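Residues per chain are reported as follows:
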Amino acid sequence: QAQLVESGGGLVLPGGSLRLSCAASSHTFKSYVMGWFRQAPGKVREFVAAMQWTTGSTYYTDSVKGRFTISIDNAKNTVYLQMNSLKPEDTAIYYCGAVYRRSSIFKSDEYDYWGQGTQVTVSS
């Protein structure tokens, strides 16, 4: 059964860094686009970043450009989200997802698979 498992969340000071990992259990995901979304309390799940496994194309929401980097390690079947210069407004549960349709990259309700989420808290 195809699964996504996130790890790497935690508590960090403003200006700090974290790296989130999303381990994919199956090679099935290599034909998908891998995305990171986040959801803060009382807010909808929002797009953060995505990467096409086959082409390496990347996509970012404006608020994280220049601070976050999405990458894929093919050998480990793992997607990473490197987060630098973290701000309190980055606090949320971060979810890794996979979507087959390229046109749905930014739409959380059209993703085919989700991980369980990992909490990121940025606070002094």
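The notes below deal with the structure included here. (Residues numbered from 1 in each chain as written. Predicted model: local features only at pLDDT ≥ 70, side-chain atom pairs only at ≥ 80, totals over all residues. Heavy atoms only, no water.)

### A short note on the nonpolar core
It is characteristic of soluble globular proteins that their nonpolar side chains tend to be buried jointly. Counting residues in hydrophobic clusters, the biggest one holds 29 residues, and the most contacted among them are Phe-29, Met-34, Trp-36, Leu-81, Met-83 and Tyr-94. Those residues in contact with Tyr-94 that sit more than four places away from it in its chain are Glu-6, Leu-20, Trp-36, Phe-37, Arg-38, Val-48, Phe-68, Leu-81, Met-83, Gly-117, Thr-118 and Val-120. If you look at the next biggest cluster of nonpolar residues, it comprises 7 residues, including Val-33, Phe-37, Ala-50 and Val-99. (Core = buried A, V, L, I, M, F, W, Y, C linked by side-chain atoms within 4.5 Å. Buried < 20%, exposed > 50% of the residue type's maximum accessible area, 1.4 Å probe, protein only. Contact = heavy atoms within 4.5 Å.)

### Topic: the packing of aromatic side chains
One pass over the full model with this rule turns up 11 aromatic pairs. Arranged with centres 5.0 Å apart and planes meeting at 80°, the rings of Phe-37 and Tyr-111 form a pair that is edge-to-face. Taken as a pair, Phe-37 in strand β4 (residues 33-39) and Tyr-111 in the loop between β9 (92-99) and β10 (113-114) lie far apart in primary sequence, 74 residues in all. Ring centres 4.8 Å apart and planes at 80° place the aromatic pair Phe-47 and Phe-106 in the edge-to-face group. Of this pair, Phe-47 sits in strand β5 (residues 46-52) while Phe-106 sits in the loop between β9 and β10, and the two are 59 residues apart along the sequence. Accessibility expressed as a relative area gives 10% for Phe-47, which makes it buried. Here the aromatic cluster, defined as three or more aromatic residues joined through ring pairs, consists of Phe-37, Phe-47, Tyr-59, Tyr-95, Phe-106, Tyr-111 and Trp-114. For Arg-45, the ring lying beneath its charged end belongs to Tyr-95, and the centroid distance is 3.7 Å. Arg-45 extends its terminal NZ or CZ atom over the ring of Trp-114, reaching a point 4.6 Å from the ring centre. (Phe/Tyr/Trp six-rings, centres within 6.5 Å; stacked < 30°, edge-to-face > 60°. Helix = DSSP H or I, 4+ residues; strand = E, 2+ residues; numbered from the N terminus. Lys NZ or Arg CZ within 6 Å of the ring centre and 35° of its normal.)

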